[in-house]
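Observations on chain architecture
The primary structure of each chain is shown beneath.
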Amino acid sequence: MAAWTAAARQSSTLARVSVSKSTSQGALLIQRRGLAGGGDHHGPPKVNFWHDPMSPSKWKEEHFVIVSLTGWGLAFYGGYKLFTGGKKEKEEK
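Computed from a predicted model, the values in this text were never measured in an experiment.

Focus on the overall build of the protein chain
- Helix and strand counts for the protein chain come out as 3 helices and 0 strands.
- When the helices and strands of the protein chain are placed in sequence order, the string is α-α-α.
- Within the protein chain, buried positions represent 4% of all 93 residues.
- As displayed, the protein chain has an accessible area near 9,100 Å², and 63% of this comes from carbon and sulfur atoms.

Right, dumping it as structure tokens:
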């Protein structure tokens, strides 16, 4: 059994070495990043919201979403507390 696994390892190693030798130098220099370049390269650069808090149009998209959802959450929570009067404790006499 051990002889078979050793033979399998050796053949896979030889296959990898032969493939890597057959690739040309030009093929090794090609970037293979796919969609990792990311980002919008048009228009002004985007900044974190704490660097320019008064200009939401300059914020990064994910920061805008986080700040907007936080603001809406606080507005709903504040409205809920305002209209329900909050939780009042009963006073015992």
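Quick look at the UniProt feature "transmembrane region" (unreviewed entry) in the protein chain
- When the UniProt feature table is mapped onto this chain numbering, "transmembrane region" (unreviewed entry) sits at residues 63-83.
- Helix makes up 100% of residues 63-83 and strand 0%, and the two end C-alpha atoms of the span are 30 Å apart.

Observations concerning the pattern of salt bridges
- With the rule as written, the count across this model stands at 1 salt bridge.
- The partner of Asp52 in a salt bridge is Lys58, and the shortest N-O contact between them spans 3.7 Å.
- Residue Lys58 is classed as partly exposed on the basis of its relative accessible area of 42%.

Here we look at the packing of aromatic side chains
- Tallied over the entire structure, the rule returns 4 aromatic pairs.
- Relative to Trp50, the ring of Phe49 lies with its centre 5.2 Å away and its plane at 75°, an arrangement referred to as edge-to-face.

A few points about helix H3 (residues 61-84)
- Compared with the 34 Å implied by 1.5 Å per residue over 24 residues, the 34 Å span of H3 between its first and last C-alpha is a close match.
- Backbone geometry just after H3 places Gly85 at a positive phi near 80°.

A closer look at a nonpolar patch on the surface
- On the surface, Phe64, Val65 and Leu69 cluster together to form a nonpolar patch covering roughly 280 Å² of accessible area.
- Its place among the elements puts Phe64 in helix H3.
- Assessed through its relative accessible area of 40%, Phe64 is described here as partly exposed.

Comments concerning the side chain of Asn48
- Relative to the elements of secondary structure, Asn48 occurs in the loop between helix H2 (25-28) and H3.
- A relative accessible area of 15% places Asn48 in the buried class.
- Leave out the neighbours within four places in its chain, and Asn48 touches Trp59, Lys60 and His63.

Quick look at the confidence of the model for the protein chain
- Looking at the protein chain as a whole, the pLDDT averages 76, with 60% of positions reaching at least 70.
- Looking across the protein chain, the model is least confident in H2, with a mean pLDDT of 62, and most confident in H3, with 94.

Calculation notes
Residues numbered from 1 in each chain as written. Predicted model: local features only at pLDDT ≥ 70, side-chain atom pairs only at ≥ 80, totals over all residues. Heavy atoms only, no water. Helix = DSSP H or I, 4+ residues; strand = E, 2+ residues; numbered from the N terminus. Buried < 20%, exposed > 50% of the residue type's maximum accessible area, 1.4 Å probe, protein only. Areas by Shrake-Rupley, 256 points an atom, 1.4 Å probe, with all protein chains shown as cover. UniProt positions renumbered as here; feature names shortened; annotations may be inferred. Salt bridge = Lys/Arg side-chain N within 4 Å of Asp/Glu carboxyl O. Phe/Tyr/Trp six-rings, centres within 6.5 Å; stacked < 30°, edge-to-face > 60°. Expected span 1.5 Å × (residues − 1). Patch = residues over 30% accessible without salt bridge, like charges linked within 9 Å, V, L, I, M, F, W, Y side chains within 5 Å. Contact = heavy atoms within 4.5 Å. pLDDT = per-residue confidence, 0-100.

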